[in-house]
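# Reading the structure
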Amino acid sequence: MQRGADFRRADPVTHGLPGGPALIFTGGAVRLYRIIQSPAVIGLLYEDNITYRQIFMNARELPKDPNPSWTGYSVGHWGGDALVIETAGFDDHTWLDRAGHPHS
């Protein structure tokens, strides 16, 4: 793939920008983050000091046309012991993985 062949020059992470959907948890290196939970929202704060994620837990639905952002717009609910999260509205400048695969 061309993005890997050019040594990831176009990679957002190379330019100090947040990673894409999968890179939020699997950046290739140890990524530390803090989870803050309340009845209405779960927040994830990442060690890069620029990325955070909000998962709204107050029974709202995903917006029909969300404003694109690096981490998308997330809503969640508990399905038994599992936290179920739906996300939409990722910014199209992010990559799906370190190989440079695009996402939709």
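Refer to the structure printed above.
### Some thoughts on the environment of proline 39
Here proline 39 lies in the loop between strand E1 (33-37) and strand E2 (41-46). Taking the C-alpha atoms as reference points, proline 39 and asparagine 58, 19 residues apart in sequence, are found 7.4 Å from one another.

### Here we look at a nonpolar patch on the surface
Together, Ile36, Leu45 and Tyr52 make up an exposed nonpolar region whose accessible area comes to about 290 Å². Checked against the element boundaries, tyrosine 52 lands in strand E3 (residues 52-56). The exposure class of tyrosine 52 is partly exposed, given its relative accessible area of 48%.

### Observations concerning the nonpolar core
Counting five residues, the largest nonpolar core consists of Ile42, Leu44, Tyr46, Ile55 and Met57. Ranked by the residues each element gives to this core, the list is headed by E2, at three residues.

### Quick word on the packing of aromatic side chains
Overall, the coordinates contain one aromatic pair when judged by the stated rule. A cation sits over an aromatic face here: arginine 60 above phenylalanine 56, 4.0 Å from the ring centre.

Calculation notes
Residues numbered from 1 in each chain as written. Predicted model: local features only at pLDDT ≥ 70, side-chain atom pairs only at ≥ 80, totals over all residues. Heavy atoms only, no water. Helix = DSSP H or I, 4+ residues; strand = E, 2+ residues; numbered from the N terminus. Patch = residues over 30% accessible without salt bridge, like charges linked within 9 Å, V, L, I, M, F, W, Y side chains within 5 Å. Areas by Shrake-Rupley, 256 points an atom, 1.4 Å probe, with all protein chains shown as cover. Salt bridge = Lys/Arg side-chain N within 4 Å of Asp/Glu carboxyl O. Buried < 20%, exposed > 50% of the residue type's maximum accessible area, 1.4 Å probe, protein only. Core = buried A, V, L, I, M, F, W, Y, C linked by side-chain atoms within 4.5 Å. Phe/Tyr/Trp six-rings, centres within 6.5 Å; stacked < 30°, edge-to-face > 60°. Lys NZ or Arg CZ within 6 Å of the ring centre and 35° of its normal.

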